[in-house]
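What follows is the residue order along each chain.
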Amino acid sequence: MRLPDELDAARLRAVLWDMDGTLVDTEPYWIVAEHELVESFGGQWSHEQAMRLVGQALPTSAAMLREAGVELEIREIIDRLTARVIEQLAKAVPWRPGVRELLDALRGAGVECALVTMSERPMVERILAHLPADTFRAVITGDSVSRGKPDPEPYLAGFAHLAASLADLEPSQCVAIEDSLPGATSAVAAGLTTIVVPNAVAIPAELGAAQWSTLEGRTVDDVAALLERATSTLAGQGHA
């Protein structure tokens, strides 16, 4: 197996982004939709229950809402939640601090980006409409994978789409940016150096992801330096 310090493998070539909670702070929108749906069936939805859904695949979240008393099929729950979030997005897109600036800087530096989200295509399109058309070379949505986060499939799919157009791309040349435990678990399991910017819930340090309090003020050099440190550590372990 090739070590990360060979053939400039530590050079940052791609960043794979989560969307909800990372790119945009839509978690409050999802929680509103969950509360309304559960209460419409005479149930109650606690803050603790809502936090359990953060970063989960939509079918998983829908199954948990059924357990809370929502008497609808999984597909209908997903559609109802998504429609309600889209309604709220029509009023305001709540960008996370520093996100658009870092996306612009990455594009200017020639670093490709992919979007890896558990939201489905109709909602994702609403967000993408507010960004330059060439922001993401690949877009992986929850309805395009069979196993959602925390399974590595979404990030493996994102990497595969990037690798199809970027010659000799290696996972060691990529960074994932996440906010949730399911998402960060997915990215780490896919072999990606991962940055967590916690939003709604705290992320345990033992996961092995770097933790930044915000993306505000962060630069391409910051991301590249983190990748270099991570790959150097792996190289040292390989020589041990």
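Conventions adopted
- Residues numbered from 1 in each chain as written.
- Predicted model: local features only at pLDDT ≥ 70, side-chain atom pairs only at ≥ 80, totals over all residues.
- Heavy atoms only, no water.
- Helix = DSSP H or I, 4+ residues; strand = E, 2+ residues; numbered from the N terminus.
- Rg over C-alpha atoms; globule rule 2.2 N^0.38 Å.
- Buried < 20%, exposed > 50% of the residue type's maximum accessible area, 1.4 Å probe, protein only.
- Contact = heavy atoms within 4.5 Å.
- Lys, Arg positive; Asp, Glu negative; His and termini not counted.
- Charge placed at Lys NZ, Arg CZ, Asp CG, Glu CD.
- Arc of directions from axis to C-beta.
- Axes fitted to C-alpha atoms, helices over the stretch in contact; angles between N-to-C directions.
- Parallel < 35°, antiparallel > 145°, perpendicular 65-115°, else oblique.
- Left-handed = near helix turned anticlockwise from the far one by under 90°.
- Nonpolar A, V, L, I, M, F, W, Y, C, P; charged D, E, K, R; others polar.
- Phe/Tyr/Trp six-rings, centres within 6.5 Å; stacked < 30°, edge-to-face > 60°.
- Lys NZ or Arg CZ within 6 Å of the ring centre and 35° of its normal.

Draft legend 1. Molecular detail of the overall build of the chain. Along the backbone of the chain there are nine helices and six strands. The globule rule puts the C-alpha radius of gyration for 240 residues at 18 Å, and the 18 Å found for the chain is close to it. Counting only C-alpha atoms, the chain reaches 60 × 40 × 30 Å along its principal axes. Among the 240 residues that make up the chain, the fraction classed as buried is 50%. Taking the intrachain contacts of the chain between residues at least 6 apart in sequence as the baseline, contacts between residues at least 24 apart amount to 67%. Averaging the locations of the 19 positively and 35 negatively charged side chains of the chain gives two centres separated by 3 Å.

Draft legend 2. A look at helix α5 (residues 99-108). Along α5, the residues classified as buried are Val99, Leu102, Leu103 and Leu106. End-on, the buried residues of α5 take up no more than an arc of 100 degrees, which puts them together on one face. Of the residues in α5, the exposed ones pointing more than 90 degrees away from the buried face are Glu101 and Gly108. In the segment just after α5, glycine 110 is the residue with positive phi, at about 80 degrees.

Draft legend 3. Layout of the packing of helix α4 (residues 74-89) against helix α6 (residues 121-128). Running from N to C, α4 and α6 point in directions that differ by 15 degrees, and their axes come no closer than 10 Å. Here α4 lies roughly parallel to α6, going by the angle between them. Like other packed secondary-structure pairs, α4 and α6 cross with a definite hand, here left-handed. Mapping the contact onto sequence places Thr82, Val85, Ile86 and Leu89 in α4 and Pro122, Met123, Arg126 and Ile127 in α6. Of the residues in the contact of α4 with α6, the class split is six nonpolar, one polar and one charged.

Draft legend 4. Geometry of the packing of aromatic side chains. A complete count under the given rule lists zero aromatic pairs for this structure. Over the ring of tryptophan 212 we find arginine 218; its NZ or CZ atom is 3.9 Å from the centre of that ring.

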